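# Descriptive analysis of the structure
Residues per chain, in single letters:
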Amino acid sequence: MTAIFVTATGTDVGKTFVTVGLIRYLCTAGRAGDAIKPVVSGFDPQDLASSDPGILLDALGRPAADLDRISRWRFAAPLSPAMAARREGRPIDFNALIDFSRRAVVGHRDIMFIEGVGGIMVPIDDTHTVLDWMSAMRLPLLLIAGSYVGTMSHTLTALQVLARRNLEVAAVVVSESADSAAPLEETVATIARFADAIEVIGIPRLPRDASPHPAFGRIVALL
Ligand SMILES: Nc1ncnc2c1ncn2[C@@H]1O[C@H](COP(=O)(O)OP(=O)(O)OP(=O)(O)O)[C@@H](O)[C@H]1O
Ligand SMILES: [Mg+2]
C-alpha cells in the first residue's frame, strides 16, 4: 500500500490532470489507483462532471453518490479554501481534515492519491496552510509544476520550502502549460540541475482521452 500527496507550485497547473493520468496508467497495468480531493473551491454541484471530484470519480469508475467519500469540504467561491469557507460560514476543521485524509489512507490497497488544493502554501483556515496538512500527513509528495516562463523560480522556491519541513518529494512533474514559450525538455533539464537528487519528469500537452503516456509509468516506478 502506498499513499502520495499530490501538490503543486500553484493552482491550475495539472494536479488533477496528472492524478487522472496515473490512475489510468495503473488501470492499464492491471493495478488499482484511488484518489480523494478533500477540499475543493469553485465547486458547482450542477456541474459535477467538470469539477475535480467529478473528474476523479469518472477516472475511478465510481458513481456520483460517492462524492462525499472523496470530497468532504466543497465551496462555491473560486477563491482560496479559507476565503471560500469564510463566505459560507463553514470554516474547515483542520483536525477533521487530517482525520479524513488519514482514514482514506489506512487499509487502502495499492496506491492512494490525495490531491491537495492550490499550491503548497494556500491557507486552509486562519492558521494552517496546505504545508501544515502535508506535514501532518508525512506522505511522499508529487510536486506538479507547469512549463510556463517563470516556473523555474516557482518550482525551486517550492522545493526549498518543502525541504525545510523535511518533506519527501518523490518526483517533480512538469505538466506542459498551454502555449508555453519555454520548451518542456529544456525546462525539465534546468529544474533537474537545481533539484539535487529529485527526479524531474515532463508530461507533454496531451489530448484529453489519449492513452496513458509512458511518462506516467516512469512516475509510478518512483512511488
Ligand atoms: N499536460 C497537459 N496536457 C493537456 N492538458 C493539461 C495538461 N496539464 C494540465 N492540463 C489542463 O490544464 C487545466 C488545469 O489542470 P488541472 O485541473 O489538472 O490543475 P490543478 O492543479 O488540478 O488545478 P486546481 O488547483 O484547480 O486543483 C485542465 O484543463 C487540465 O486538463
Ligand atoms: Mg485539481
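Report on the accompanying structure.

What counts, and where the lines are drawn
Residues numbered from 1 in each chain as written. Chains lettered and ligands numbered in written order. Predicted model: local features only at pLDDT ≥ 70, side-chain atom pairs only at ≥ 80, totals over all residues. Heavy atoms only, no water. Helix = DSSP H or I, 4+ residues; strand = E, 2+ residues; numbered from the N terminus. Rg over C-alpha atoms; globule rule 2.2 N^0.38 Å. Buried < 20%, exposed > 50% of the residue type's maximum accessible area, 1.4 Å probe, protein only. Contact = heavy atoms within 4.5 Å. Areas by Shrake-Rupley, 256 points an atom, 1.4 Å probe, with all protein chains shown as cover. Lys, Arg positive; Asp, Glu negative; His and termini not counted. Charge placed at Lys NZ, Arg CZ, Asp CG, Glu CD. Polar contact = N/O pair within 3.5 Å; in protein donor to acceptor, adjacent residues only side chain to side chain. Near = heavy atom within 4 Å. 1 Å grid on protein atoms, 1.4 Å probe; cavity = no way out; pocket = protein on both sides within 12 Å on 5 of 7 lines; lining within 4 Å. Sits in = over half its atoms within 2 Å of the grid points. Donors = N, O, S within 2.8 Å, 3.2 Å for Na, K, Ca; no water. Pairing = 2+ DSSP bridges. Axes fitted to C-alpha atoms, helices over the stretch in contact; angles between N-to-C directions. Arc of directions from axis to C-beta.

Right, let's get into the overall build of the protein chain. When helices and strands are counted, the protein chain shows 9 helices and 8 strands. Relative to the compact-globule value of 17 Å for 223 residues, the protein chain shows a C-alpha radius of gyration of 16 Å, a close match. Its C-alpha atoms put the protein chain at 45 × 40 × 35 Å along the principal axes. Each of the 223 residues in the protein chain was classed as buried or not, and the buried ones make up 52%. The long-range share in the protein chain, meaning contacts at least 24 apart out of those at least 6 apart in sequence, stands at 72%. Counting only carbon and sulfur atoms, one obtains 51% of the accessible surface of the protein chain, whose full area is about 10,700 Å². Of the charged side chains in the protein chain, 21 are positive and 24 negative, and the gap between their average positions amounts to 4 Å.

Position of Thr-16 relative to the elements: it lies in helix 1 (residues 15–28). Judged by its relative accessible area of 11%, Thr-16 falls in the buried class. What Thr-16 contacts, discounting residues up to four positions off in sequence, is Asp-52, Ile-55, Leu-56 and Glu-115. One polar contact links Thr-16 to Asp-52, side chain to side chain, over a distance of 2.9 Å.

Looking now at the site of ligand 1. As a matter of local geometry, ligand 1 sits amid 17 residues, with Thr-11, Lys-15, Thr-16, Phe-17 and Ser-175 nearest to it. Within the side chain of Glu-115, an N or O atom sits 3.0 Å from an oxygen atom of ligand 1. Taking Pro-204, its main chain carries an N or O atom lying 3.1 Å from a nitrogen atom of ligand 1. Taken by itself ligand 1 offers 640 Å² of open surface, and the protein chains cover 77% of this. Assessed atom by atom at 2 Å from the grid points, ligand 1 resides in the largest pocket.

Moving on to the coordination of the magnesium ion (ligand 2). Every protein donor of the magnesium ion (ligand 2) is accounted for by Thr-16 (OG1), Asp-52 (OD) and Glu-115 (OE), and the metal-donor separations fall at 2.0 to 2.2 Å. Within one chain, the residues serving as donors to the magnesium ion (ligand 2) are arranged as T-x35-D-x62-E. You can see Asp-52 sitting in helix 2 (residues 52–60) and its partner Glu-115 sitting in strand 5 (residues 111–115), a full 63 residues away along the chain. Residue Glu-115 is classed as buried on the basis of its relative accessible area of 2%.

What follows concerns the sheet that holds strand 5. Two orientations exist for strands paired in a sheet by backbone hydrogen bonds: parallel and antiparallel. One open sheet accounts for 6 strands, arranged 2-5-1-6-7-8; its pairing is parallel. Since the sheet does not close on itself, it has two edges, and those belong to strand 2 (33–36) and strand 8 (200–203), each with one partner. Taking each pair of neighbouring strands and ignoring which way they run, the sheet shows an average axis angle of 25°. Judged from the 4 bridges that link them, strand 7 (residues 169–175) and strand 8 form a sheet pairing that is parallel. Directly across from Val-172, in strand 8, lies its bridge partner Val-200.

This paragraph deals with the side chain of Asp-34. Relative to the helices and strands, Asp-34 is located in strand 2. Side-chain polar atoms of Asp-34 contact the side chain of Arg-62, separated by 3.2 Å. In contact with Asp-34, other than residues within four places in its own chain, are Leu-60, Arg-62, His-108, Ile-111, Met-112 and Phe-113.

Among the secondary structure elements, Asp-66 is positioned in the loop between helix 2 and helix 3 (67–70). There is a polar contact of 2.9 Å between the side chain of Asp-66 and the side chain of Arg-62.

A few words now on helix 8 (residues 184–194). If you check which residues of helix 8 are buried, you get Leu-184, Thr-187, Val-188, Thr-190 and Ile-191. Taken around the axis of helix 8, the buried residues stretch over an arc of 165°, which confines them to a single face. Of the exposed residues in helix 8, the ones pointing more than 90 degrees away from its buried face are Glu-185, Glu-186 and Arg-193. Taken together, the buried residues of helix 8 touch helix 7 (151–164), strand 7 and strand 8. Two residues or fewer past helix 8, Asp-196 is found with a positive phi of approximately 50°.

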